[in-house]
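# Residue-level structure breakdown
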Amino acid sequence: MTSVTTLRIEPARQPTQRQFVMCRPDHFDVFYSINPWMNPQEPVDRALALSQWEVLRATFEQYGHRIEVVPGESGLPDMVFAANSGLIVGDRAMSARFTHPERAAEGPAYHRWFAQRGLTELIGAQEINEGEGDFLLVGERMLAATGFRSSIAAHREVERYFDLPVVSLQLVDPRFYHLDTALMVLDDTNVAYFPPAFSAESQAILAGLYPDAIRATDADAVVLGLNGVSDGLNVFISSRADNLASELRGQGYNPVGVDLSELLKAGGGVKCCTLEIHDDPRRAPTAVAS
């Protein structure tokens, strides 16, 4: 009797249309230091930052994604990093509460914009919570980090308000002070991350949850290659993250490199500039029109 070998054909990855909130870096500067990337003595080219940001916005739109722009405010140079502003999932939104006084006014500024946009199920965080900097939605689960910014109490507050399970992770390397600098969501079931940024216990949690995850190299991590945005197929990352781009291609994703070198002077990259307006994860996503 002849045996028959059945080949398993993996389905092609499909993008879904996303909605993003961004803030133009009209007031971008580095005149204080609240993370290891920031050096107030290093000059900032705001015109270049604006140009690079516009390329990122245009790239998102080229791939079918919708952008809403929040006006920046004078005296808030880090407001460009919209991901830190809060969380929006379905009908519910929560504005951020920042650790450092230098950024404290960003929470109310974004809260006002959320309210003007018509987000009625809106609250301000009571615990220290730096939005999608430390809270990343993966399918129907929220990964959340603590260690440098958002508090562990914020994890429980987010879990209660959004009625989603929150998995707590510990960051241990000050270069990767937010979760979105050390971990990138690829789709509803997979991520890419830099293991040394996490405690041994958190590394074990991630390995258990995501056995097929891409593990980034130090070379990619230090250019904030993991500070990226994925639509399920296209992955928008630092143009300098060469190894990560190769790994993504090998797993069927399409890496799209973007240069945000000027914003990197403040410790920001693609994801930092991008707050996602998430659909309720328990509903079907919208496909990108081809």
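### A look at helix α1 (residues 46–62)
Within an α-helix, residues lying three or four positions from one another point in the same direction, as the helix has 3.6 residues per turn. Over its 17 residues, α1 extends 24 Å from the first C-alpha to the last, a length consistent with the 24 Å expected when each residue adds 1.5 Å. If you check which residues of α1 are buried, you get A49, L50, Q52, W53, L56, T59 and F60. Looking one or two residues past α1, G64 carries a phi angle of roughly 95 degrees, positive in sign.

### As for the sheet that holds strand β6 (residues 135–138)
Here we have 3 strands laid out as an open sheet, ordered β6-β7-β8, and mixed in their pairing. Edge strands, defined here as strands with exactly one partner in the open sheet, are β6 and β8 (166–170). The sheet shows a mean angle of 25 degrees between the axes of neighbouring strands, taken without regard to direction. Pairing geometry for β6 and strand β7 (residues 141–146), over 4 bridges, is antiparallel.

### A short note on the pairing of β7
Most of β7 sits inside the fold, with 5 of its 6 residues counted as buried. If you look at the hairpin formed by β6 and β7, you'll find 2 residues sitting between the two strands, and G139 has a positive phi there, around 65 degrees. Note: β7 against β8, 5 bridges, orientation parallel. Paired with T146 across the bridge in β8 is Q170. Taking the sense of rotation as the criterion, the β-α-β connection linking β7, helix α3 (residues 152–162) and β8 turns out right-handed.

### Some details on the packing of aromatic side chains
All chains considered together, the criterion is met by 10 aromatic pairs. Between Y110 and F114, the ring centres sit 6.2 Å apart and the planes meet at 45 degrees, which makes this aromatic pair tilted. In this pair, Y110 and F114 are both assigned in helix α2 (residues 106–117), 4 residues apart and thus about one turn of the helix distant. Judged by its relative accessible area of 0%, Y110 is buried. For R13, the ring lying beneath its charged end belongs to Y253, and the centroid distance is 3.9 Å. For R92, the ring lying beneath its charged end belongs to Y161, and the centroid distance is 5.8 Å.

Analysis parameters
Residues numbered from 1 in each chain as written. Predicted model: local features only at pLDDT ≥ 70, side-chain atom pairs only at ≥ 80, totals over all residues. Heavy atoms only, no water. Helix = DSSP H or I, 4+ residues; strand = E, 2+ residues; numbered from the N terminus. Expected span 1.5 Å × (residues − 1). Buried < 20%, exposed > 50% of the residue type's maximum accessible area, 1.4 Å probe, protein only. Pairing = 2+ DSSP bridges. Axes fitted to C-alpha atoms, helices over the stretch in contact; angles between N-to-C directions. Right-handed = clockwise from strand over helix to strand, strands pointing away. Phe/Tyr/Trp six-rings, centres within 6.5 Å; stacked < 30°, edge-to-face > 60°. Lys NZ or Arg CZ within 6 Å of the ring centre and 35° of its normal.

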